[in-house]
Amino acid sequence: MPSLSFIQSSKSPALPWILLFVAAIEMVMARQLPDRFSSHEVDGLIRDIQHNRYNPRVVLLGDSVGYQIFQPFREKWPNRFAALASNTGIEMAGQYFLIKRHLQRHEDPHAVIFLGLNPLGLNLDQKLTENYVQRCFTQWNEIAELTRAKKSLPFSTRIIIYKLFTSYKYRLHLQKKITGRTNADIYTGGGKRKASGKRKDYGIFRLIQASLDERRKTPISDEYFVRLLKLLKSRGIKLYYIPAPLPSSEHSTHILPPLNFLRDLAREYDNLYIMEELQMVLEDERFGDGTHPDKEGLVRIHEKLDQFLWDVRSKERPEYRNEKKTAEPESR
Amino acid sequence: MEFNSIDFAIFFVIVFLCHAFARNKWQNRILLIASYLFYASWDWRFTGLILLSTSVDYLCGIQIHKATGVSSRRFFLAVSLVTDIGILAFFKYFNFFTDSLNNLLHVFGLNTGYHGLNLALPLGISFYTFRAMSYIIDIYRKQQEPTKDFTAFALFIAFFPHVVAGPIERASHFIPQALSFRRISYNSVAQGSFLIMYGLFQKVVVAENLAIIANNGTFDGHIPGNTLTALLAIYAYAFQIYCDFAGYSNMARGTAACLGFDLMVNFRTPYFCSNPREFWKRWHISLSTWLRDYLYIPLGGSRNGVNATLRNLMITMLIGGLWHGAAWTFVFWGGYHGFLLVSQRLYDKWTGSMNALSNPFTKTLWAAIKWLFFFHLICIGWIFFRASSLDSAISLLQALFAGGTFAIDAGVSDILAKIIPFMPVALAVDLYERKTDDLLSVTSWPLAARVFTYLLLFYEFVIFGVNNAQSFIYTKF
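Residues numbered from 1 in each chain as written. Chains lettered and ligands numbered in written order. Predicted model: local features only at pLDDT ≥ 70, side-chain atom pairs only at ≥ 80, totals over all residues. Heavy atoms only, no water.

### Observations regarding the overall build of chain A
We count it as follows: A run of H or I in DSSP becomes a helix once it reaches four residues, and a run of E becomes a strand once it reaches two; helices and strands are each numbered from the N terminus. Exposure classes here rest on a 1.4 Å probe applied to the protein chains alone. A residue is buried below 20% of its type maximum, exposed above 50%, and partly exposed in between. To measure how exposed things are, a 1.4 Å probe is used in the Shrake-Rupley method; for residues, cover is taken only from the protein chains shown.
From N to C terminus, chain A includes 13 helices and 7 strands. Taken over 332 residues, chain A has a buried fraction of 49%. If you sum the accessible surface of chain A, you get close to 16900 Å²; carbon and sulfur atoms cover 53% of it.

In structure tokens, the structure reads:
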């Protein structure tokens, strides 16, 4: 039997043992924690994509308004519509990764419907970016893509830390489990950001990063919107964009998508359809927080929208008329 | 670039690797470039200021040493001190003095209508100015030879582990290290890594979690109805500021150790003290020894009788308070500690002839009472240090001494639940340090004990660390 006297030694280096123990602990955590904890809808979606075997013909993407509107489809017809709408915090990069992961594990749908406010113009620097993108999309190919897009070493390092340390990824849940309390909001991940924009920043590295950001020709989310389009086009999948419903008086204050840019894209990519006619403008009182419709608002939205969704699903839209139908639609 | 940020971790790994493979003079050059980049990462505009101060002090140091006449020695000393103090006074205290003057004139019905200058405070200015001044004064006193190596001197001023918040190193300790080739040993990296890890634990886990408790408005005039909650906020701040600054100092020592430098110890378990003199030997040691050597002793120290000693103590502590920040709360805090030190002198004089306690139980009990009493005196000082204004501090004190409700309600149990995962660890390490007087002896523990301790600290940091931690408190000074 080998001697265990080395554990008494004050000279033996501790580093190899620490690495060994940390690796072992993290492996156990990686097996245990994701099934027990999830912070928000993106966590749940990623698990669904990984574990559920369904092959719906339509995938629904979008922000939190889209999530809210598509919720009945998620609950009632999970095998007909894959409702992958989540939150604006994941930006277009996250939407792209979600659909990519979905396509890797499921049969190709014939259409993707995106419903939300403006999905463009963002650069992965929002309050929720860490909790919704860096913490969630940690496959090596995703890390490589985000590194290429963001061009920030600290940004990528943080994703790698989330990948390697499951205990760090679920630290807020562990805090809650151990003490019954957390030091930050699990949903937002804390989000106590330093105020920016008010005072000019003179830090040299931040200036370099800002200069790199400024030199970027198109925002990261625009770039990923195009990549999403290309990916879908390469597989013969149509993308329908439906602008989110808006309150009538705040029509102008909401961040609306640059429709000209989208129309240009639609001319270039024949699989993109901008469904401006489906955008609803409701009375102000139908929006509790100014963005998300209330119960009555949702009923009215569904009255207008549902038929469109079923039509897309059963290829009853004009866009499909010249296509050879590969399969008969299921009955409603 | 905070010590507890990913940016710094990446920066440090790059610097460490470049330094480890560098030959001879390139070691200092690499560290100097890294130090200026580190400083510029906060605000590049002030790199010129630190370079100006460095250049003037470097040249004056050589001239003072060369000069034979007293007047020319004094002249170069004056040039250096006027430059250093002038920069510090202008950037840090100009608005404070003009505002105070305005307020004074306002009392007499005069309104100047002057609103001060819009000045940004250069980071670490109080620290590097004091570092530079000690070098010049030591040369003037012929206690230190000037270095001719500009890179080594510039590194002494701007070395990134200590540029922002100390310790306020002495040239006699630092420059010889900078002038020699530093071979990086496993031992120094192991000790440095432990200090970094422990410093991170102190800052990100202990200080930041306690900050959440302390920032409940108690110090800003919003005193909670339950006095116990207010009291806990004060205790929380006492440990927050200690772990924040001691954590910074440990990380500074740790990063320096990984680069082959030995920086001075800045804290030695100050909260275990039971009198102000001992406290100041253990709290922010590099500042208190600086004030002793360059202010208190030149003023006369304790050489000219009781009254002069008490006066010198008060002056030293008032200036020490003002050093922390340009606000009356800091001046008051300094004065308060001066008062404590003066009181101790008088108390010692009074009790000097009394017989010491002989019964071990009575002795222990008396020591415990003294410790508890003094800890609360320190906490009263922190009220002035932390309060947003003197009015807020006074109203908090009034609320505390007026009694009020002392109830263990949901707020109190929430605070206790928050601190349970980490406070016992922090206190255990402090107790160990108090007993051994050498925190680094942890690195020579048996393997099993070391692995357990490091894992414990690591997972405390990973799980209980606070997201988006605030800046170190002392970087604002």
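### Section: the pairing of strand 1 (residues 58–62) of chain A
Residue and element names in this part refer to chain A. The following threshold applies: Here the rule is simple: two strands pair whenever DSSP picks up at least two bridges between them. Crossover handedness is defined here as right-handed if the route from the first strand over the helix to the second strand goes clockwise, with the strands pointing away from the viewer.
By the criterion of burial, strand 1 is predominantly enclosed, with 5 of the 5 residues buried. Of the strand pairs in this sheet, strand 1 and strand 2 (residues 81–83) are connected by 3 bridges, and their pairing is parallel. Bridging across to strand 2, Val59 finds its partner in Ala82. One crossover worth recording links strand 1 to the parallel strand 2 by way of helix 3 (residues 64–76), and it is right-handed. Pairing of strand 1 with strand 3 (residues 111–116) involves 5 bridges; the strand directions are parallel. By the bridge assignment for strand 3, Leu61 is matched with Phe114.

### Focus: the sheet that holds strand 2 of chain A
Residues and elements named next belong to chain A. Inclusion rule: The convention used is that axes are lines fitted to C-alpha atoms, helices contributing only their stretch in contact, and that angles between N-to-C directions extend from 0 to 180 degrees. Residue contacts are counted whenever heavy atoms from the two residues lie within 4.5 Å of one another.
Judged by pairing direction, the sheet is parallel, and its 5 strands sit side by side in the order 2-1-3-4-6 without closing on themselves. Of all the strands in the sheet, the pair left with one neighbour each is strand 2 and strand 6 (272–274). Taken pair by pair, the neighbouring strands of this sheet meet at an average axis angle of 20 degrees, ignoring direction. Of the strands in this sheet, strand 1, strand 2 and strand 3 touch helix 3, which is tilted by about 135 degrees from strand 3.

### Concerning the pattern of salt bridges
Residue and element names in this part refer to chain A. Rule in force here: What makes a salt bridge here is a side-chain nitrogen of Lys or Arg within 4 Å of a carboxyl oxygen of Asp or Glu, nothing more.
Taken as a whole, this structure holds 30 salt bridges over all chains when the rule is applied. In this structure, Lys100 engages Glu145 in a salt bridge whose closest nitrogen and oxygen atoms are separated by 2.8 Å. Residue Lys100 is found in helix 4 (residues 91–105), and its partner Glu145 is found in helix 6 (residues 140–150); the two are separated by 45 residues along the sequence. Classification of Glu145 by relative accessible area gives buried; the value is 11%. With its nearest N and O atoms 2.6 Å apart, the salt bridge here joins Arg267 to Asp264. With a gap of 3 residues between them, Arg267 and Asp264 both fall in helix 12 (residues 259–268), about one helical turn apart. Taking relative accessible area as the criterion, Asp264 reaches 43% and is therefore assigned partly exposed. Each member of the salt-bridge network shares a partner with another, and the members are Lys100, Glu145 and Arg227.

### Remarks on the interface of chain B and chain A
Let me state the cut-off plainly: Summed over both partners, the accessible surface that disappears when two parts come together, traced with a 1.4 Å probe, is what is meant by buried area. In protein, a polar contact means a hydrogen-donor-capable atom and an acceptor-capable atom, both N or O and within 3.5 Å, with residues adjacent in sequence counting only if both atoms are side-chain atoms; elsewhere, any N or O pair within 3.5 Å suffices.
Across the boundary between the two partners, chain B contributes 39 residues, which contact 45 residues of chain A. It is Ile6(B), Leu447(B) and Asn467(B) that lose the most area in chain B upon contact with chain A, and together they represent 18% of the buried surface on that side. In this structure, the connection of chain B to chain A is made through 1 salt bridge. As a salt-bridge pair, Asp414(B) and Arg181(A) come within 2.1 Å of each other at their nearest N and O atoms. Scanning the region where chain B abuts chain A turns up 9 residue pairs in polar contact (both at pLDDT 80 or more). Those elements that place two or more of their residues in the side of chain B that touches chain A are helix 1 (6–20), helix 2 (25–43), helix 9 (186–214), helix 17 (410–419) and helix 19 (447–464) of chain B.

### Quick word on a nonpolar patch on the surface
Residue and element names in this part refer to chain B. The test is simple: Any residue with relative accessible area above 30% and no salt bridge may belong to a patch, with like charges joined within 9 Å and the nonpolar Val, Leu, Ile, Met, Phe, Trp and Tyr side chains within 5 Å.
On the surface, Tyr347, Trp350, Phe361, Leu365, Trp366 and Ile369 cluster together to form a nonpolar patch covering roughly 690 Å² of accessible area. Mapped by element, the contributors of at least two residues to the nonpolar patch are helix 14 (328–351) and helix 15 (360–386). With 4 residues, helix 15 is the largest single contributor of residues to the nonpolar patch. Within the fold, Leu365 resides in helix 15.

### Structural notes on the nonpolar core
Heads up, the rule is: For the purposes of this section, nonpolar cores are sets of buried Ala, Val, Leu, Ile, Met, Phe, Trp, Tyr and Cys residues that join through side-chain atoms within 4.5 Å.
Counting residues in hydrophobic clusters, the biggest one holds 164 residues, and the most contacted among them are Phe38(B), Phe160(B), Tyr271(B), Trp283(B), Trp382(B) and Tyr474(B). No other element matches the 18 residues that helix 10 (residues 227–258) of chain B contributes to this core. Ignoring any residue separated from it by four or fewer positions in sequence, one finds Tyr474(B) in contact with Phe127(B), Val164(B), Ala165(B), Ile241(B), Asp244(B), Phe245(B), Trp283(B), His284(B), Trp323(B), His324(B) and Phe385(B). If you look at the next biggest cluster of nonpolar residues, it comprises 47 residues, including Val133(A), Ala149(A), Leu232(A) and Ile274(A).

### Quick word on the packing of aromatic side chains
Quick note on the threshold: Centres within 6.5 Å are what make two rings of Phe, Tyr or Trp a pair, Trp counting through its six-membered ring; a difference in plane orientation under 30 degrees is then read as stacked, over 60 as edge-to-face, and the rest as tilted. Criterion for a charge above a ring: Lys NZ or Arg CZ within 6 Å of the ring centre, and within 35 degrees of the ring normal.
Tallied over the full model, the rule gives 83 aromatic pairs over all chains. With 5.3 Å between their ring centres and 55 degrees between their planes, Phe159(B) and Phe174(B) make a pair best called tilted. Within this pair, whereas Phe159(B) is found in the loop between helix 6 (150–158) and helix 7 (160–163), its partner Phe174(B) is found in helix 8 (residues 171–179), the two being separated by 15 residues in sequence. Here Phe159(B) falls in the buried class, since its relative accessible area comes to 0%. On the basis of an interplanar angle of 5 degrees and a centroid distance of 6.2 Å, the ring pair of Phe194(B) and Tyr198(B) is categorised as stacked. Of the two residues, Phe194(B) and Tyr198(B) are both situated in helix 9; the distance of 4 residues between them amounts to about one turn of the helix. With respect to burial, Phe194(B) and Tyr198(B) carry one shared label: buried. One Lys or Arg, Arg29(B), reaches over the ring of Trp26(B) and ends 5.1 Å from the middle of that ring. The residue whose ring lies beneath Arg45(B) is Tyr202(A), and the NZ or CZ to ring-centre distance is 3.5 Å.

### With respect to helix 12 (residues 285–299) of chain B
Residues and elements named next belong to chain B. To keep it simple, the criterion reads: Here the expected length of a helix is defined as 1.5 Å per residue gap, with one fewer gap than residues. Here the bend at a residue means the angle between the axes of two seven-residue stretches, the one that ends at it and the one that starts at it.
Taking 1.5 Å of rise per residue, the 15 residues of helix 12 would be expected to cover 21 Å, and the 20 Å separating its terminal C-alpha atoms lies within 8% of that figure. Within helix 12, the axis deviates most sharply at Arg292, by approximately 40 degrees. In terms of residue burial, helix 12 counts as a mostly covered element, since 11 of its 15 residues are buried. Within helix 12 the residues assigned to the buried category are Ile285, Ser286, Leu287, Ser288, Thr289, Trp290, Leu291, Asp293, Tyr294, Leu295 and Tyr296. On its buried face, helix 12 is in contact with helix 5 (125–140), helix 11 (276–282), helix 13 (305–324) and helix 14. Taken from the residues just after helix 12, Gly300 is the one with a positive phi, measuring 125 degrees.

### A few points about the packing of helix 2 (residues 41–51) of chain A against helix 4 of chain A
Residues and elements named next belong to chain A. Counted only if it meets this: To sort the angles, those under 35 degrees are grouped as roughly parallel, those over 145 as roughly antiparallel, those from 65 to 115 as roughly perpendicular, and the leftovers as oblique. Handedness of a crossing is defined here by the sense of rotation of the near helix relative to the far one, left-handed for an anticlockwise turn of less than a right angle and right-handed for a clockwise turn. Residues are grouped as follows: Ala, Val, Leu, Ile, Met, Phe, Trp, Tyr, Cys and Pro are nonpolar; Asp, Glu, Lys and Arg are charged; every other residue, Gly included, is polar.
Put simply, helix 2 and helix 4 touch, their axes get as near as 9 Å, and they point 15 degrees apart. The orientation of helix 2 relative to helix 4 falls into the category roughly parallel. For the crossing formed where helix 2 meets helix 4, the hand is left-handed. Where helix 2 abuts helix 4, its residues Leu45, Ile46, Ile49 and Gln50 lie against Leu98, Arg101, His102 and Arg105. Considering only residue class, the contact of helix 2 with helix 4 consists of 4 nonpolar, 2 polar and 2 charged.

### Section: helix 7 (residues 153–164) of chain A
Residues and elements named next belong to chain A. Selection rule: Summarising the geometry, the arc corresponds to the directions from the helix axis toward the C-beta atoms.
A rise of 1.5 Å per residue sets the reference length of helix 7, with its 12 residues, at 16 Å; its end C-alpha atoms lie 16 Å apart and thus fit the reference within 8%. Within helix 7 the residues assigned to the buried category are Phe155, Ser156, Ile159 and Tyr162. Taken around the axis of helix 7, the buried residues stretch over an arc of 115 degrees, which confines them to a single face.

### Re the side chain of Asn28(B)
Assignment of secondary structure puts Asn28(B) in helix 2. In this structure, Asn28(B) is in contact with Thr151(B), Ala152(B), Leu155(B), Ala178(B) and Arg182(B), ignoring residues within four places of it in sequence.

### Description of the environment of Asn118(A)
Positionally, Asn118(A) belongs in the loop between strand 3 and helix 5 (129–134). Separated by 2.9 Å, the side chain of Asn118(A) and the backbone nitrogen of Leu120(A) make a polar contact.

In short, geometric facts, not functional conclusions.
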